[in-house]
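Chains, contacts and geometry: an overview
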Amino acid sequence: MAKEYDQYECNLSEELKKKAWDNLREDETLRTQALEQFREWIEKHPKIKRCRMDANFLLRFLRTKKFSVPDAIQLLEKYLTTRKVLPQLFDKLSLDDPAIHHLISKGSVLLLPEPDKEGRLVITFDPEEYDVNKYTTVDGIRATNLILELANLDERAQICGIVHVMDWSKLTLPFMGMWTVTQTKNFTRCWQKTFPLRHGAFFFVNMPAFSVAFSKLVFSCLSAKLRDRIHVVKNWENVHEKLGSSILPQDCGGKLPRLELAKKVMELAEKHREEILSLNDFDIEVSNSDLNFGDSYDADLDSAIVGSFRKINVD
C-alpha cells in the first residue's frame, strides 16, 4: 500500500507564484514530481533513519537547491548531521532559554515582518545589547539559529531569499574579542553550508576602523559565492536605496521602534514554538569525522583566512 503524505496547500499570492516561476521555474507539476522523488530518495537513504516528510519541510531544501533532488538530499543530510553533532547550538531553541529571550526581546537579532523591494525577508543584527559578561558566543549563535528557523517557515524566504543587515557601528572590542578564528569558522560553516536558505545579500553598515581585521575574518569565512554578495556601506541611505527604508527599525531609518519589532518576533517565536522544537525529532547515522561539508570548501576557507580574499563591494 502506498504511503500517504500531506497535500501541499498552495496559498501563494499571484506575485509570489510569479517569483517562484522566475526564480526557480517552480509550478505545481515541478513541486509534485520533485516532492515524490525527494521522498523516495529519503526512504532509501542509508543514513537517514527518521525525518519529517511533509511538504512544508521538504520544500525548504528543494527550493534552496532550485529543485535539484540530488543537491537537496545532500543539503538535508548536512542539515540533520549538523543538528545531531552540534546539539548545543540547536536543542531547545525557544524563548524559554533566558539568553535567547534577552537577545531577541532587545532586538539584537530580528526577522523583520515586511520584505524588501525584491520580496526578500530581512534579518538585522545589532550588538548594542550584547553583554559579553553575561552571554557567550553560543548564546548568540542559538538566538540567530532560532531566527533562521523562523525564516525557514516563511515561503517568501524560501522563494525570494533573505538579506542580512549588520549595524557595525555598534561593534565593541569586547564583542569582537569573544570570537576566535575557530568559532567564527565553525559558525559560518554551520549556517551557510547546512541551512536551507537562499542568502541574497549582506550589508555591513558604518564599519568602524578598529573592526577591519574582525570584518575580514568574517568575510573570509564566507564562500566565494557569498563574498560576492557583501556590501560594505557608509550610511543607511545606501541600504534604504537597495532595500527600502520603511521596513527597517526606527534607529536604522525605518518606521517602527526596534523593541516593537522585537515584540513581533517574540510573538512569531511563540506561535511556532512547538514546530521549531519538533525539528529535533529525527535520527541520522553520523560518522566519526564530525561534519563533512564536501568539495574543497575547507581548503578554500583556510586559504582565505590566512591570505587574501575576493574584492568586497564598497558602496
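Okay, so let's go over this structure.

Parameters at a glance
Per-chain numbering applies: the sequence of each chain, read as written, is numbered from 1 onward. For this predicted model, a pLDDT threshold of at least 70 governs which residues receive local features, and a threshold of 80 or more governs which side-chain atom pairs are given and counted, while totals over whole chains, interfaces and linings are taken from all residues. As a rule here, side-chain values cover all heavy atoms of the structure and leave hydrogens and water aside. Helix and strand assignments follow DSSP, with helices taken as H or I runs no shorter than four residues and strands as E runs no shorter than two, numbered in order from the N terminus. Note on contacts: a residue pair is in contact if any heavy atoms of the two residues lie within 4.5 Å. Throughout, the Shrake-Rupley method with a 1.4 Å probe supplies accessible areas, and for residues the shown protein chains are the sole cover considered. Only the contacting stretch of a helix is used when fitting its axis, a line to C-alpha atoms as for every element, and angles between N-to-C directions run 0 to 180 degrees. Note that the term roughly parallel is reserved for angles under 35 degrees, roughly antiparallel for angles over 145, roughly perpendicular for angles of 65 to 115, and oblique for everything else. Three classes are used, and their members are as follows: Ala, Val, Leu, Ile, Met, Phe, Trp, Tyr, Cys and Pro are nonpolar, Asp, Glu, Lys and Arg are charged, and the others, Gly among them, are polar. Stacked, tilted and edge-to-face are the three classes applied to pairs of Phe, Tyr and Trp rings, where Trp contributes its six-membered ring and a pair requires centres within 6.5 Å; stacked means planes under 30 degrees apart, edge-to-face means over 60, and tilted covers the rest. Burial classes: relative accessible area under 20% of the type maximum marks a residue as buried, over 50% as exposed, and values in between as partly exposed (1.4 Å probe, protein chains only). For our purposes a nonpolar core is just a set of buried Ala, Val, Leu, Ile, Met, Phe, Trp, Tyr and Cys residues, chained together by side-chain atoms within 4.5 Å. Relevant arc is that of directions from the helix axis to the C-beta atoms, nothing else. When a carboxyl oxygen of Asp or Glu is within 4 Å of a side-chain nitrogen of Lys or Arg, the pair counts as a salt bridge.

Focus on the overall build of the protein chain
When helices and strands are counted, the protein chain shows 16 helices and eight strands. Excluding contacts between residues fewer than 6 apart, the proportion of contacts in the protein chain whose partners are at least 24 apart in sequence is 80%. Roughly 15,100 Å² of accessible area belongs to the protein chain as shown, and the carbon and sulfur atoms make up 50% of that amount.

Focus: the packing of helix α6 (residues 98–105) against helix α14 (residues 258–271)
Two numbers describe how α6 lies on α14: the axes approach to 8 Å, and their chain directions differ by 135 degrees. Looking at the two axes, α6 sits oblique to α14. Contacts between α6 and α14 involve His-101, Ile-104 and Ser-105 from the first element and Leu-259, Ala-262, Val-265 and Met-266 from the second. A breakdown of the residues in the contact of α6 with α14 according to their chemical character gives five nonpolar, two polar and no charged.

A word on the packing of aromatic side chains
For the structure on display, the rule yields 10 aromatic pairs. Between the aromatic rings of Tyr-130 and Tyr-135, the centroid separation amounts to 6.4 Å while the plane-to-plane angle is 80 degrees, which identifies the pairing as edge-to-face. With respect to class, Tyr-130 is no different from Tyr-135; both count as buried.

Details of the environment of Asp-131
Inspection of the secondary structure puts Asp-131 in the loop between β3 (121–125) and α7 (137–153). Judged by its relative accessible area of 29%, Asp-131 falls in the partly exposed class. Here the alpha-carbon distance between Asp-131 and Phe-175, two residues 44 residues apart in the chain, equals 8.1 Å.

Notes on the nonpolar core
Judged by nonpolar contacts, the single largest core of 98 residues is most densely connected at Phe-38, Ile-42, Leu-62, Leu-76, Ile-104, Leu-150 and Phe-203. Counting residues per element, this core draws most heavily on α7, at eight residues. Not counting the four nearest positions on each side in its chain, Leu-150 is found in contact with Leu-111, Val-265, Leu-268, Ala-269, His-272 and Ile-276.

Description of the packing of helix α4 (residues 69–85) against helix α10 (residues 181–194)
Where α4 meets α10, the axes come as close as 9 Å, and the angle between the chain directions of the two elements is 145 degrees. Here Leu-75, Lys-78, Tyr-79 and Thr-82 of α4 come into contact with α10, specifically with Cys-190, Lys-193 and Thr-194. A class-by-class count of the residues in the contact of α4 with α10 yields three nonpolar, two polar and two charged.

Re the side chain of Arg-120
Its location among the elements puts Arg-120 in the loop between β2 (109–111) and β3. For Arg-120, a relative accessible area of 10% translates into the label buried. Residues within four places of Arg-120 in sequence aside, it is in contact with Pro-115, Cys-160, Gly-161, Ile-162, Val-163, Gly-200, Ala-201 and Leu-243.

With respect to helix α1 (residues 14–24)
Where α1 is concerned, the buried positions are Leu-16, Ala-20 and Leu-24. For α1, the arc enclosing every buried residue in end-on projection is 50 degrees, short of the 170-degree limit, so these residues lie on one face. In α1, the exposed positions that point more than 90 degrees away from the buried face belong to Glu-14, Glu-15 and Lys-18. Looking at the buried side of α1, the elements it contacts are α2 (28–44), α3 (55–64) and α8 (155–160). Of the residues one or two after α1, Arg-25 is the one with positive phi, at around 55 degrees.

Notes on the pattern of salt bridges
Evaluation of the coordinates by the stated rule reveals 24 salt bridges. Residues Lys-47 and Glu-77 are paired through a salt bridge, measuring 3.7 Å at the closest nitrogen-oxygen approach. With a gap of 30 residues between them, Lys-47 in the loop between α2 and β1 (48–50) and Glu-77 in helix α4 connect regions that are remote in the sequence. When its relative accessible area of 31% is taken as the criterion, Lys-47 is described as partly exposed. Residue classification places Glu-77 among the partly exposed positions, given a relative accessible area of 23%. Between Asp-116 and Arg-120 there is a salt bridge, with its nearest N and O atoms 2.9 Å apart.

Regarding unusual backbone geometry
Even without being a glycine, Lys-66 presents a positive backbone phi close to 50 degrees. With respect to the secondary-structure elements, Lys-66 resides in the loop between α3 and α4. Of note in the backbone geometry, Asn-206 takes a positive phi value of approximately 55 degrees without being a glycine. Judged by relative accessible area, Asn-206 falls into the partly exposed class, the value being 25%.

Distances and angles like these do not, on their own, reveal function.
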